[in-house]
Amino acid sequence: MKIKKILSLSYCLSGHPTLPCNVLKFKSTTIMLDCGLDMTSTLNFLPLPLVQSPRLSSLPGWSLKDGNAFLDKTELIDLSTVDVILISNYHCMMALPYITEHTGFTGTVYATEPTVQIGRLLMEELVNFIERVPKAQSASLWKNKDVQRLLPSPLKDAVEVSTWRRCYTMQEVNSALSKIQLVGYSQKIELFGAVQVTPLSSGYALGSSNWIIQSHYEKVSYVSGSSLLTTHPQPMDQASLKNSDVLVLTGLTQIPTANPDGMVGEFCSNLALTVRNGGNVLVPCYPSGVIYDLLECLYQYIDSAGLSSVPLYFISPVANSSLEFSQIFAEWLCHNKQSKVYLPEPPFPHAELIQTNKLKHYPSIHGDFSNDFRQPCVVFTGHPSLRFGDVVHFMELWGKSSLNTVIFTEPDFSYLEALAPYQPLAMKCIYCPIDTRLNFIQVSKLLKEVQPLHVVCPEQYTQPPPAQPHRTDLAIDCQPPATSYRRAEVLTLPFKRRYEKIEIMPELADSLVPMEIKPGISLATVSAVLHTKDNKHVLQPPPRPAQPTSGKKRKRVSDDIPDCKVLKPLLSGSIPVEQFVQTLEKHGFSDIKVEDTAKGHIVLLQEAETLIQIEEDSTHIICDNDEMLRVRLRDLVLKFLQKF
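Basis of the calculations
- Residues numbered from 1 in each chain as written.
- Predicted model: local features only at pLDDT ≥ 70, side-chain atom pairs only at ≥ 80, totals over all residues.
- Heavy atoms only, no water.
- Helix = DSSP H or I, 4+ residues; strand = E, 2+ residues; numbered from the N terminus.
- Expected span 1.5 Å × (residues − 1).
- Buried < 20%, exposed > 50% of the residue type's maximum accessible area, 1.4 Å probe, protein only.
- Arc of directions from axis to C-beta.
- Contact = heavy atoms within 4.5 Å.
- Polar contact = N/O pair within 3.5 Å; in protein donor to acceptor, adjacent residues only side chain to side chain.
- Disulfide = S-S within 2.5 Å.

### A closer look at helix 18 (residues 627-638)
Next up, step 1: When the terminal C-alpha atoms of helix 18 are compared, their 16 Å separation across 12 residues agrees well with the 16 Å that a helix rising 1.5 Å per residue should span.
Next up, step 2: Of the positions making up helix 18, those classed as buried are Leu629, Leu633, Leu636 and Val637. With its buried residues spanning 100 degrees around the axis, helix 18 presents them on a single face.
Next up, step 3: Buried positions along helix 18 lie against helix 17 (577-586), strand 30 (600-605), strand 31 (610-615) and strand 32 (619-622).

### Concerning the environment of Asp435
Next up, step 1: You can see Asp435 is positioned in the loop between strand 19 (428-431) and helix 14 (440-450).
Next up, step 2: Its relative accessible area of 3% is what places Asp435 among the buried residues.
Next up, step 3: The sequence separation of Asp435 and Thr253 amounts to 182 residues, and the corresponding C-alpha distance is 5.8 Å.
Next up, step 4: Among all residues touching Asp435, those that are not within four sequence positions of it are Thr253, Gln254, Ile255, Pro260 and Pro411.

### Focus: the environment of Arg132
Next up, step 1: Of note, Arg132 is situated in the loop between helix 3 (113-131) and helix 4 (145-148).
Next up, step 2: Residue classification places Arg132 among the partly exposed residues on the basis of a relative accessible area of 25%.
Next up, step 3: With 257 residues separating them along the chain, Arg132 and Gly389 place their C-alpha atoms 9.1 Å apart.
Next up, step 4: Apart from the residues within four sequence positions on either side, Arg132 is in contact with Leu50, Pro317, Pro363, Ser364, Gly389 and Asp390.
Next up, step 5: Of the polar contacts made by the side chain of Arg132, one reaches the side chain of Asp390; its length is 2.9 Å.

### Quick notes on the side chain of Thr18
Next up, step 1: Turning to its location among the elements, Thr18 is positioned in the loop between strand 1 (2-12) and strand 2 (22-26).
Next up, step 2: A distance of 2.9 Å separates polar atoms of two side chains, one belonging to Thr18 and the other to His16.
Next up, step 3: Those residues in contact with Thr18 that lie beyond four places of it in its chain are Cys92, Gly251, Leu252, Gln254, Arg437 and Tyr461.

### What to know about the state of the cysteines
Next up, step 1: Under the criterion given, the structure shown has 0 disulfides.
Next up, step 2: Cysteine Cys478 is unpaired, with the sulfur of Cys457 as its nearest cysteine sulfur at 7.1 Å.
Next up, step 3: A relative accessible area of 12% places Cys478 in the buried class.

Now the structure itself:
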């Protein structure tokens, strides 16, 4: 069934392309795609040390000491109207408690089990880092615009600071996660009978997903945080992305010029060089993700490099849970690691590192760690922003010695801005960002393979980086050109809904009498009632007229069906002009002239002062107040057409 054209809209609520938050309005459903939390605003604040630091406290004019403020979402859309939230990976769900607990959202959240469990660990670590550093006082007056403009940069230039929120609590985290419904790869989920959503493996992290959003006749693919590299997760499902009307692309690599394998090599060599010289290595990191791959590389590297006696410490409130989860989500791992589970062997080698005491994990620097700590060593801890967590303690402890090295592997934060409050710094700083997400070369190859009709992506992806304007290869190149969007923008997606699926009741189908109008094409007229419920449409037979009863007026069919009209027969076919002229002559018409037009022909009956306009989809008879002549000509026209 052909329907009135209806636009699909997309609302962009995030300015960070790797921490997306978009809202799609499609077929009467409102779907939020991810809810990433941009924490780069924390770089505007002083670090939160576990122990009072006179040096950090005395820093002149360096922002405000209020470390638990984060940016909330824009008021572009009423979040109470959102029906569902689809989560692509655990980094893209960090703002979930703000939405489920502080707005009118009452819908359902869909995510895979690893995404939920590891997302819980990241949120728990964040809350723990913030809450364990009590603050004597809290600053809020600076958010007043008159005060803000007097502050030093970058706070002076920050926008919408009134929407910045304090970090959520574990109670809010647990409440938010209770609203999530777990899904598996390729599982089809019906949304109100209108659309169907399906998660696909994106190859980036444990449980990470791309999403297919489709109706019977339209298909939207949401590709966020995907990887074609062979790491620990299941490989990316590319085949299911084919035949998309629109492909929304976000979450590409933040460092397109850096090769992940090369960065891992630099990481290992710099680590070995530091430790051999008697120094310590600090690796600011998240408690899940790249750390698994780094530990696997070190497992293969330390023996050959003669570093087997150097202890590796993983310090996080969720360190133990993270290492355990990575071993039990076997079905979400790549085939090579899945096969190890059935041997049985642990899929990740860090299990052996723990058994041999080469890797030790602790919830914090207090307690057992203080007793076991020995140097030189390698410490993995958070937070990558260097603004809170145990990493602040180690930056203060080791920053004064040039023997020590801090190696940045997470690309989410500018390492120069992260280091700013610790300057002057004697320890060496190495930047080895490891980002396995798609780069622009891989994106071009992917788009050529899946061939979507339209690509929609953040504005940043459609032009070279500002620092490298000559690098046109660092932008998406596709045909037709990608449609771009920016934060707080409402975008009309470049496709229109044209058809809707309608079922027909068997008894109604039996009553149809199709007539062939062209070879292989038959049509039939139908008089029926359209019944719509839960976005499913069914053609049902019209109500039968009531049987007449004595003393009562007979009920008409039109009384049961509002606005019932007598159906006129439908016409099909074409009028061959030469044969039509011959027919006119046989019926006594003379002085006939035929003129060709851009849309068809005009037959002039000059004697009768009548005009017959024949076009592909219509025929008009124009005569001067002679109804009998018009009817006569109409009947001659109808001889060439089929009725049904």
